[in-house]
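# Breakdown of the fold
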2 protein chains.
Amino acid sequence: MIEVKIPLKITLFGEHAVVYGEPAIAATISEKMKIRIIPNDKMILKSNSLSIKGIKVNLDEMKLESEETGKILSYILSTINYFKDEIGKQKNALIEIESPVEPSVGLGTSAAVVVGTVAGYSKLLGLDLEKEEIAKISYKIEKSVQGGLGSRMDTYTTALGGIMYFPPKEGYEKINKKLNITAGYIRRIATTAETLKRVKSIREKDEDLFNQIISTIGKIVEKAKKAIYQENEEELGELMYINHGLLMALGVTLPPIDNLVSTAKTLGILGCKISGGGGGGSIICTKDERAKILLSTIGAKIIDSDIIDDGVTITEIN
Amino acid sequence: MIEVKIPLKITLFGEHAVVYGEPAIAATISEKMKIRIIPNDKMILKSNSLSIKGIKVNLDEMKLESEETGKILSYILSTINYFKDEIGKQKNALIEIESPVEPSVGLGTSAAVVVGTVAGYSKLLGLDLEKEEIAKISYKIEKSVQGGLGSRMDTYTTALGGIMYFPPKEGYEKINKKLNITAGYIRRIATTAETLKRVKSIREKDEDLFNQIISTIGKIVEKAKKAIYQENEEELGELMYINHGLLMALGVTLPPIDNLVSTAKTLGILGCKISGGGGGGSIICTKDERAKILLSTIGAKIIDSDIIDDGVTITEIN
């Protein structure tokens, strides 16, 4: 049996803008997804976690239960097909996914599924891939499933681990600094499609305005990178509030989150913002006990958000 | 007796940015301040309105009761001194101020006091000033009381009336179009000084970022001007939401207002934003019954916000 652990991630700065060529910063947290790959006579996917709870799908007679489940199935099937096409190998297995959080809350669960399956399944096929290679293949697969869209941020961050800065276009820079975050998430109210539609509507109606907001977010990311290197938590917090306001301007926030962020500021918490794609989802603040209380008041689930340094890990259990 | 009626105003777009050289749009509403000037043997100021309620001050033995009262006294004394210095005339009078709203909620009550006193007191002195002249003198007085700061927006709007666009630097443009607004206000939680300090703090720490946000607000104002001319309420509403997000980024909004604006968007109300200096104060939305309900839920006082076309009016009652 192969057990893969993949850290979840938070987007620190630059969500949405990253899709339009701006930089972004993400980091892996202590919450981990587990994927077990057990040699089997049939190809079976099993999960007892949250909204992909209790499903057991025979991949040969695949049946899609929900948008989320469908997406996860697509990632796994695409991974299997990738290795069949690239190295001409296939082995049947029971793939078991155990996620500590619900999907689509901005914590990189999709990327974790791809990265974990690529890592575990390649091991099952006898390959010894470097983390960098796992990241590269996972990004390729995620992108193909999403129809050519998406950024390398999630797959590279969860595969490689740590605080990761992504410059526009290519490459990444690992920032070896400490960072303390309080985080939580609420179930999404708007779907990804609805959220992207809102952003697109502003882009279509007021393109120059949209571009200016996006480029301002890009500037925030560069400043935040500097602040992380300088361990300037106060500046970092200020930038979180500014980034949040711009995300509100783009229409991707929600009443309880705007209220929380605004209240956090009034209380003197250094920084808070929505994190990830929006329409609900994750909220991050500079580490603060009061932030946990605020998160609880809007019914958010607090997550274990210590920033950790490792990416994906693979263990063979015999 | 001379009775002066001065309309209050709302800032439609561009608050804060206007102080840094960007354009802005304001409009007079149907709520009016009344100032009565009655010849008298002493110079007396009287007001029964709200927070300048019940005061009766002998201007020769002036005593400041509060920051607000002090400001209003300064405006009136400066007006009296202006005419003494400029035309060498002074006449004692009972100056009675009746305001339908509290001061410092972003509705131009300060400007209304100056404009009304200039209009009424100049009449008492036998001068027949044009509205344009009243605006010019009022702006000069307001600026000198505020130590050289401030914009011409409030005094010119309340003196001249209507929807007024203020380009950077000089001049104004009256927009002869209809506009329907729902508005309300809450008591300010932060003082003007605190609010300006927040804005200043971002400006000092992140000047380029600050400038980019300010210039984005400037772009919103230009687009809003176009949308008003085109009577495109949908675009205007969208721009209100974007403007609000940028004001949140500048740190001048408050939890209940952020929550209200965000909820309004969720409900499908075309547009909502904070209006005026922030730290509490006014909220405007595109005209919508649901906006009135939202305003009530945060304890806001709904104001009579039909956009009216006249500015200051002077009546002599014998």
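Per chain, residues are indexed from 1 in the order of the written sequence. Chain letters start at A and ligand numbers start at 1, both assigned in the order the entries are written. Reporting of local features is limited, given that this is a predicted model, to residues whose pLDDT is at least 70; pairs of side-chain atoms are given and counted only at 80 or more, and all residues count toward the totals for whole chains, interfaces and linings. Computation of side-chain values: all heavy atoms of the structure, hydrogens and water removed.

## Topic: the packing of aromatic side chains
Filter applied, for reference: When two rings of Phe, Tyr or Trp (its six-membered ring) have centres within 6.5 Å they constitute a pair, described as stacked for plane angles under 30 degrees, edge-to-face for angles over 60, and tilted for the intermediate range. Only protein chains enter the accessibility calculation, which uses a 1.4 Å probe; a residue whose area is less than 20% of its type maximum is buried, one above 50% is exposed, and one in between is partly exposed.
Under the definition given, this model contains 10 aromatic pairs over all chains. When the ring of A:Tyr82 is compared with that of A:Phe83, the centres are 5.2 Å apart and the planes differ by 90 degrees; the resulting orientation is edge-to-face. Residue classification places A:Tyr82 among the buried positions, given a relative accessible area of 16%. For A:Phe83, a relative accessible area of 2% translates into the label buried. Taken together, a centroid distance of 5.8 Å and an interplanar angle of 45 degrees make the contact between B:Tyr156 and B:Tyr172 tilted.

## Things to note about unusual backbone geometry
Condition: The way it works is that DSSP assigns letters per residue, a run of H or I at least four long becomes a helix, a run of E at least two long becomes a strand, and they are numbered from the N terminus.
Backbone geometry places A:Glu231, a non-glycine residue, at a positive phi of 50 degrees. Relative to the helices and strands, A:Glu231 is located in the loop between helix H6 (207-229) and helix H7 (233-249).

## Thoughts on the sheet that holds strand S10 (residues 281-286) of chain A
Residues and elements named next belong to chain A. Let me state the cut-off plainly: For two strands to be treated as a pair, DSSP must find at least two bridges joining them. Structural elements are reduced to axes, namely lines fitted to C-alpha atoms, with helices fitted over the stretch in contact, and the angle between N-to-C directions of any two is expressed from 0 to 180 degrees. Pairs of residues are marked as contacts when any of their non-hydrogen atoms sit within 4.5 Å.
Ordered in space as S9-S10-S8-S11, the 4 strands form an open sheet in which the pairing is antiparallel. Edge positions in the sheet fall to strand S9 (272-275) and strand S11 (301-303), since each of these pairs with one other strand and no more. Strand-to-strand twist of the sheet, defined as the mean angle between neighbouring strand axes without regard to direction, takes the value 30 degrees. With respect to the sheet, H7 is in contact with S9 and S10, its orientation differing from that of S9 by roughly 50 degrees. Strands strand S8 (181-186), S10 and S11 of the sheet are contacted by helix H9 (residues 289-297), whose axis makes an angle of about 5 degrees with S8.

## Description of the environment of A:Gly218
All names here are of chain A. Among the secondary structure elements, Gly-218 is positioned in helix H6. For Gly-218, a relative accessible area of 4% puts it in the buried group. Sequence-wise, Gly-218 and Pro-168 are 50 residues apart; in three dimensions their C-alpha atoms are separated by 9.2 Å. For Gly-218, the contacting residues outside a window of four places in its chain are Glu-22 and Pro-23.

## Observations regarding helix H4 (residues 153-160) of chain B
Residue and element names in this part refer to chain B. For H4, the buried fraction is high: 8 of the 8 residues fall into the buried class. Residues of H4 that are buried include every one of Met-153, Asp-154, Thr-155, Tyr-156, Thr-157, Thr-158, Ala-159 and Leu-160, and no others. In this structure, the buried residues of H4 make contact with strand S1 (2-13), strand S2 (24-39), helix H2 (109-124), helix H3 (131-145), strand S6 (163-166) and strand S7 (173-175). Just beyond H4, the residue with positive phi is Gly-161, at close to 80 degrees.

## Comments concerning the domain arrangement of chain A
All names here are of chain A. The line we're drawing: These domain boundaries are the output of an automatic or database domain assignment. A simple way to read buried area is as the amount of 1.4 Å-probe accessible surface that goes missing from two parts once joined, with both sides added.
Split by domain assignment, chain A resolves into domain 1 (2-177) and domain 2 (181-303). A C-alpha centroid distance of 24 Å is found between domain 1 and domain 2. Contact with domain 1, which involves 28 residues of that partner, is made by 39 residues of domain 2. Here domain 1 and domain 2 share an interface that buries about 2800 Å² over both sides, 66% of which is from carbon and sulfur atoms.

## A word on the UniProt feature "active site" (unreviewed entry) in chain A
Residues and elements named next belong to chain A. In plain terms, the rule: UniProt positions are given in the numbering used here, feature names are shortened, and annotations may be inferred rather than shown by experiment. Pairing of N or O atoms within 3.5 Å defines a polar contact, subject to two protein rules: one partner must be a possible hydrogen donor and the other a possible acceptor, and residues neighboring in sequence count only if both atoms are side-chain atoms.
Cross-referencing UniProt, the feature "active site" (unreviewed entry) maps to Asp-154 in the present numbering. Inspection of the secondary structure assignment puts Asp-154 in helix H4 (residues 153-160). Excluding residues within four positions of it along the chain, Asp-154 makes contact with Lys-9, Gly-108 and Ala-111. At a separation of 3.1 Å, a polar atom in the side chain of Asp-154 contacts the side chain of Lys-9.

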